[in-house]
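One-letter residues, chain by chain:
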Amino acid sequence: MTSYDIERQEKLKKEFDNVYQEHNRLQQDLNSDLSPKYQPLLNSIDKWEEDAIRKIQKTAENARHDVRKFLKEANQQLEYILNNTVTEKLRETIQQENKLNEINIDQWLVYLSEIRKQCENISSSIEFSYKNAIQLIKIRRSFPLKTFQAINVHHKQFNFVNIRGRPIIHQHEHVISSIRPSTIVSQNKYTTGTHYFRFRIERNTKELFFGIISEKDDEKLKQNRHPIESIHGWWNIDRRVIAGRKDEFVSTLDIYNGDEVVLILNCNAREIFLEYPSMNKLNAIKMIDDIRVCSPPWKLLIEIGKPGKCLLSLIEWGLTARRTDD
């Protein structure tokens, strides 16, 4: 086991411990409806209840006061009518018994009956009117419960495939490790749109190729039948490979440990670019118009040209158009 593999295992163990601890914390929170973070919601309901009770008590007291006032005024009014229509006449009749007759009796009975009827209807003369002084609360979800069920974690997939050599490919971390010359292609393939791939060179053997190859030439690559016309790209930033043939030797830039390069595919325009951010350098290759020479879909092609420890990682990539996978 190499030192990288040991470091990787230690890193994975730490990450696993973090995942396990977060899982336990989340499970504990989900199993408790008394979690402190829920308390503000319950406190808001308690405060509304207290405020509503105070308002209800105050409103009820005011209503009782108004009812007593209205009843007293109605009774006083009926008592005034009673005095003017019957009470005085009764006193006079008691003092002068000889004035008593049937007409007076009938008239008084009519007055008394009418006043009795109005007295019994006092309560019905008082009406309740409702004002929206107290805002009732109603609890509802701000989004449907099924939203939780629809939670989906999208993991960007990118896989490498070994063609030649014996590189160690860590698919989940998108890392390639090798100590001898190797050829690797992407399982992902690209037909339209613009795509970028940012690589970090952790350890370099001073001989790296970044480019593309047509999917139709997979078998030629496996059988090492060179030149392959669909291969386009760069050795060490500056030395171009066009239609499977290297430019004449030129003085190329070195790629150092820790450097990054960005390979860009513009499928629609049939162009590829290699950016070297640390040197503010951007190279381009325009394919010939004959689409048969480098027909889509394209795959990424990476080659390690010299023996020695090499470690590459794909740290970021963007997919901006339709992608087809095996």
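Residues numbered from 1 in each chain as written. Predicted model: local features only at pLDDT ≥ 70, side-chain atom pairs only at ≥ 80, totals over all residues. Heavy atoms only, no water.

A.B. asks: Would you explain the overall build of the chain in this entry?
C.D. replies: When helices and strands are counted, the chain shows 5 helices and 16 strands. Taking all 326 residues of the chain together, the buried fraction comes to 29%. Taking the contacts inside the chain whose residues are at least 6 apart along the sequence as the reference set, 67% of them involve residues at least 24 apart. Carbon together with sulfur atoms contributes 53% to the accessible area of the chain, which is approximately 22500 Å² in total. (Helix = DSSP H or I, 4+ residues; strand = E, 2+ residues; numbered from the N terminus. Buried < 20%, exposed > 50% of the residue type's maximum accessible area, 1.4 Å probe, protein only. Contact = heavy atoms within 4.5 Å. Areas by Shrake-Rupley, 256 points an atom, 1.4 Å probe, with all protein chains shown as cover.)

A.B. asks: Can you walk me through the pairing of strand 11 (residues 260-266) in this structure?
C.D. replies: For strand 11, the buried fraction is high: 6 of the 7 residues fall into the buried class. The sheet contact formed by strand 6 (residues 194-203) and strand 11 spans 7 bridges and is antiparallel. Bridging from a neighbouring strand, H195 pairs with L265 of strand 11. As paired elements, strand 11 and strand 12 (residues 271-276) share 5 bridges and run antiparallel to each other. Residue V262 lies in a different strand from strand 12, and its bridge partner there is E275. A loop of 4 residues connects strand 11 with strand 12, the two strands running antiparallel in sequence, and R270 in this loop sits at a positive phi of about 55 degrees. (Pairing = 2+ DSSP bridges.)

A.B. asks: Sorry, what's going on with the pattern of salt bridges here?
C.D. replies: Side chains that differ in sign of charge can pair as their charged atoms come close. Per the stated rule, a full pass over the model turns up 17 salt bridges. The salt bridge involving E22 is made with R25; its shortest N-O contact spans 2.9 Å. Here R25 and E22 lie together in helix 1 (residues 3-30), a separation of 3 residues that amounts to about one turn. For the salt bridge of K216 with D217, the shortest nitrogen-to-oxygen distance reads 3.4 Å. Among the charged side chains, a salt-bridge network with shared partners connects R198, R200, E202, E260 and E316. (Salt bridge = Lys/Arg side-chain N within 4 Å of Asp/Glu carboxyl O.)

A.B. asks: Teacher, can you tell me more about a nonpolar patch on the surface here?
C.D. replies: A cluster of nonpolar side chains, contributed by L42, I45, I137 and I139, occupies part of the molecular surface with about 350 Å² of accessible area. Within the secondary structure, L42 sits in helix 2 (residues 39-95). By relative accessible area, L42 is classed as partly exposed at 36%. (Patch = residues over 30% accessible without salt bridge, like charges linked within 9 Å, V, L, I, M, F, W, Y side chains within 5 Å.)

A.B. asks: Would you mind showing me how to read the nonpolar core here?
C.D. replies: Here is a general trend for soluble globular proteins: nonpolar side chains tend to be buried in one another's company. Counting 32 residues, the largest nonpolar core has F197, F199, V261 and L265 as its most contacted members. For this core, the secondary-structure elements that each account for two or more residues are strand 6, strand 7 (208-214), strand 11, strand 12, strand 14 (298-304) and strand 15 (310-319). Excluding residues within four positions of it along the chain, L265 makes contact with Y190, G193, T194, H195, F197, I212, E271, I272, W298 and L300. In this structure, F209, I228, I231 and V241 belong to the second largest nonpolar core, which totals 10 residues. (Core = buried A, V, L, I, M, F, W, Y, C linked by side-chain atoms within 4.5 Å.)

A.B. asks: Which parts of the structure should I look at to understand unusual backbone geometry?
C.D. replies: Negative phi characterises most residues that are not glycine, and trans characterises most peptide bonds. The amide bond that connects H226 to the next residue, P227, takes the cis arrangement and shows omega of 0 degrees. Relative to the assigned elements, P227 resides in the loop between helix 5 (218-222) and strand 8 (232-235). Here P296 and P297 are connected by a cis peptide whose omega angle stands at 0 degrees. Locating P297 in the fold gives a position in the loop between strand 13 (281-286) and strand 14. At H174, a position not held by glycine, the phi torsion is positive, near 60 degrees. Relative to the helices and strands, H174 is located in the loop between strand 2 (168-170) and strand 3 (175-178). Phi is positive for N224, close to 60 degrees, though the residue is something other than glycine. Its place among the elements puts N224 in the loop between helix 5 and strand 8. Note on N224: relative accessible area 43%, which makes it partly exposed.

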